[in-house]
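Single-letter residue listing:
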Amino acid sequence: MMRALSLFVVAATLSLAAAFSGALAAERASLRSQVTATRPVLTVGDFFDNAGSVASRPLFRAPDLGETGTVPAPDVLRRARAAGLVNPASNGLLQITVHRAALTITPDDLRALVRDALMERMGLEDPDALEISYSDNVPNLSADPAALVPVSITRLTRSSRSGRFDAVFAVELGERTASFAVSGFARETAEVVTLARRLARGATVSARDLQTIRVPKATLRNDTITDPAMIIGMALRRPQSPGRLLAPRDFEEPIVVARRSKVIITYRLAGLTLTVQGEAMVDGVKGDVIDVLNTQSNRTVQALVTGPGRVSVQPRPAGRIASLQEATQ
């Protein structure tokens with residue numbers, strides 16, 4: 001009985017020792033092969049899993065924002081031990097890759113900051129109403145991703161006459177703040193109507209022939225067309241190409257009666273309407289008074305163009321009988 005109890009005690013002791021040894025092994029600090037830094041200084045906890053109470057102790061300076069470098073594993077282990085880390089595991093590593101995280105600030109990000117600031121200053125509400133262009137190429141910038149405001153405008157000027165602007169930005173780099181300057185032009189734009197494709201002289205404009213584009217507001221004339229309804233159904237006085245600014249003088253009423261085409265002549269007399277066949281002697285748009293040959297009487301009359309293929313002769317003071325005779329002879 002005593003022998004069996006002794007064996008049980010020995011077995012239990014061995015089991016507890018094995019469990020304790022396993023727990024110690026599981027909690028042993030373990031070196032990582034790759035480190036991503038989010039701060040200027042790398043700590044024990046950045047390099048090791050299970051760093052424990054010494055995790056916040058500094059070891060190395062991090063690379064510059066967005067940069068990647070390597071550190072020899074023996075140097076990391078030596079400094080970690082000096083910082084108080086007990087029996088760290090190297091995992092057979094020879095060097096550690098360290099990357100410094102960074103927030104990328106693009107030229108478009110800077111453009112948006114300039115646009116927002118100038119819109120507020122100029123009292124504009126539509127973001128599309130202000131076109132921002134740079135004088136030179138602007139590179140991507142790296143900023144501290146942990147900064148509350150990674151980049152901000154510290155100075156901004158603009159000429160109201162030329163539209164030229166100069167801006168200075170503050171870029172947070174973690175341990176310091178850098179300045180970055182850009183210049184360019186901020187031009188107010190307006191939406192105008194232009195042709196979407198080339199049209200020949202005399203072509204009648206439809207909605208599918210038009211497009212809207214934005215152009216610098218300073219290039220507009222007082223009569224520049226901005227409403228498509230003004231020219232839909234109108235005819236071009238001369239050939240026009242896409243993108244060109246348009247004005248009312250570029251259009252005219254479309255020809256609805258062509259020279260030598262057959263027309264219906266309507267004679268309107270008091271209480272009587274008479275229609276006969278005729279032939280237009282010239283082109284005519286709606287509202288024109290043109291010469292028309294009455295093919296029944298073989299006489300030329302002046303008639304008002306009222307629509308496609310239709311003209312109207314108004315009564316003359318000579319009286320009803322004379323007008324009827326002219327129409328039927």
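Computed from a predicted model, the values in this text were never measured in an experiment.

Draft legend 1. Main features of the overall build of the protein. Per the secondary structure count, the protein includes five helices and 23 strands. The proportion of buried residues among the 329 residues of the protein is 35%. Accessible area for the protein stands at about 19,300 Å²; split by element, carbon and sulfur atoms hold 52% of it.

Draft legend 2. Quick look at the pairing of strand β19 (residues 272-280). Sheet topology note: the strand β18 (residues 262-269)/β19 ladder contains eight bridges and is antiparallel. The residue bridging L269 from the neighbouring strand is L272, located in β19. Linking β18 to β19, which pair antiparallel, is a turn of two residues; within it G271 sits at a positive phi near 75 degrees.

Draft legend 3. Spatial organisation of unusual backbone geometry. A positive phi angle, near 70 degrees, is found at R260, a position not held by glycine. Relative to the assigned elements, R260 resides in the loop between β17 (255-257) and β18. Unlike most non-glycine residues, N298 shows phi in positive territory, near 60 degrees.

Draft legend 4. The arrangement of the pairing of strand β23 (residues 310-313) in detail. Sheet topology note: the β18/β23 ladder contains four bridges and is parallel. Bridged to I265 within β23 is V311. Relative to β23, strand β22 (residues 299-307) is paired through three bridges, and the arrangement is antiparallel. When the bridges of β23 are listed, L304 appears paired with S312. Counted along the chain from β22 to the antiparallel partner β23, the turn is two residues long, and its residue G309 has a positive phi close to 70 degrees.

Draft legend 5. Representation of the sheet that holds β19. The strand order around the closed barrel built from five strands is β18-β19-β21-β22-β23, with neighbouring strands paired in mixed fashion. Averaged over all pairs of adjacent strands, the angle between their axes in this sheet comes to 55 degrees, without regard to strand direction. In this sheet, β22 lies alongside strand β21 (residues 289-294) in antiparallel orientation, the contact comprising six bridges. When the bridges of β22 are listed, I290 appears paired with A303.

Draft legend 6. Representation of the sheet that holds strand β6 (residues 68-72) within the structure. Reading across from one edge, β2-β7-β6 is the order of the three strands in this open sheet, with mixed pairing throughout. Because the sheet does not close on itself, it has two edges, and the strands there are β2 (34-37) and β6. Looking at each pair of strands side by side, their axes are set apart by 25 degrees on average, direction ignored. Running at roughly 70 degrees to β6, helix α3 (residues 73-82) makes contact with β6 and β7 (95-100) of the sheet.

Draft legend 7. Representation of the environment of R244 in the model. Along the polypeptide, R244 turns up in the loop between β15 (235-236) and β16 (251-252). Every residue in contact with R244, bar those within four places of it in the chain, is listed here: T194 and D250.

Draft legend 8. Structural context of the pattern of salt bridges. The tally for this structure, following the rule as stated, stands at 17 salt bridges. With a closest N to O distance of 3.8 Å, D126 and R214 form a salt bridge. Pair noted here: D126 is in the loop between α4 (107-122) and β9 (130-134) and R214 is in strand β14 (residues 210-216), with a separation of 88 residues, a long-range link. Exposure remark for D126: the relative accessible area of 35% places this residue in the partly exposed category.

Draft legend 9. Molecular detail of the confidence of the model for the protein. Taken residue by residue, the protein gives an average pLDDT of 87. The fraction at 70 or more is 88%. Every residue in residues 1-25 scores below 50 in pLDDT, and together they form zero contacts with partners more than four places removed in sequence or on other chains.

Draft legend 10. Region of the structure containing α3. Every buried residue of α3 is accounted for by A73, V76, L77 and A80. Projection of α3 onto a plane perpendicular to its axis shows the buried side chains occupying an angular sector of 95 degrees, all on one side. Of the residues in α3, the exposed ones pointing more than 90 degrees away from the buried face are P74 and A82. Residues of α3 that are buried make contact with β1 (30-31), α2 (44-47), β4 (48-49), β5 (58-61), β6 and β7.

Draft legend 11. Structural detail: α4. With 16 residues, α4 extends 22 Å from end C-alpha to end C-alpha; this agrees with the ideal 22 Å at 1.5 Å per step. Within the span of α4, buried status applies to P107, L110, R111, V114, R115, L118 and M119. Across the axial projection of α4, the buried residues extend over an arc of 165 degrees, all falling on one side. In α4, the exposed residues that point more than 90 degrees away from the buried face are D116 and E120. Structurally, α4 contributes buried residues whose contacts are with β8 (103-105), β9, β10 (141-143), β11 (151-158), β12 (164-172) and β13 (177-195).

What counts, and where the lines are drawn
Sequence positions are assigned chain by chain, starting from 1 and proceeding in written order. Residues qualify for local features only when their pLDDT is at least 70, as the model is predicted, and side-chain atom pairs are given and counted only at 80 or more; totals for whole chains, interfaces and linings, by contrast, use all residues. Water and hydrogen atoms play no part in the side-chain values, which are based on all heavy atoms of the structure. Helix and strand definitions follow DSSP, with helices as H or I runs of at least four residues and strands as E runs of at least two, each counted in order from the N terminus. Only protein chains enter the area calculation, which uses a 1.4 Å probe; residues under 20% of their type maximum are buried, those over 50% are exposed, and those in between are partly exposed. In these tables, accessible area is a Shrake-Rupley quantity obtained with a 1.4 Å probe, and a residue counts as shielded only by the protein chains included in the view. In this analysis, strands are considered paired if DSSP registers two or more bridges between them. Where helices are involved, their axes are fitted lines through C-alpha atoms of the stretch in contact, as for all axes, and angles between N-to-C directions lie from 0 to 180°. When checking whether two residues touch, look at their non-hydrogen atoms; a contact exists if any pair is within 4.5 Å. The working definition used for a salt bridge is a side-chain nitrogen of Lys or Arg within 4 Å of a carboxyl oxygen of Asp or Glu. A residue's pLDDT is the confidence the predictor assigns to it, expressed on a 0 to 100 scale. The reported arc concerns the directions from the helix axis to the C-beta atoms and nothing else. A helix is expected to span 1.5 Å for every residue after the first.

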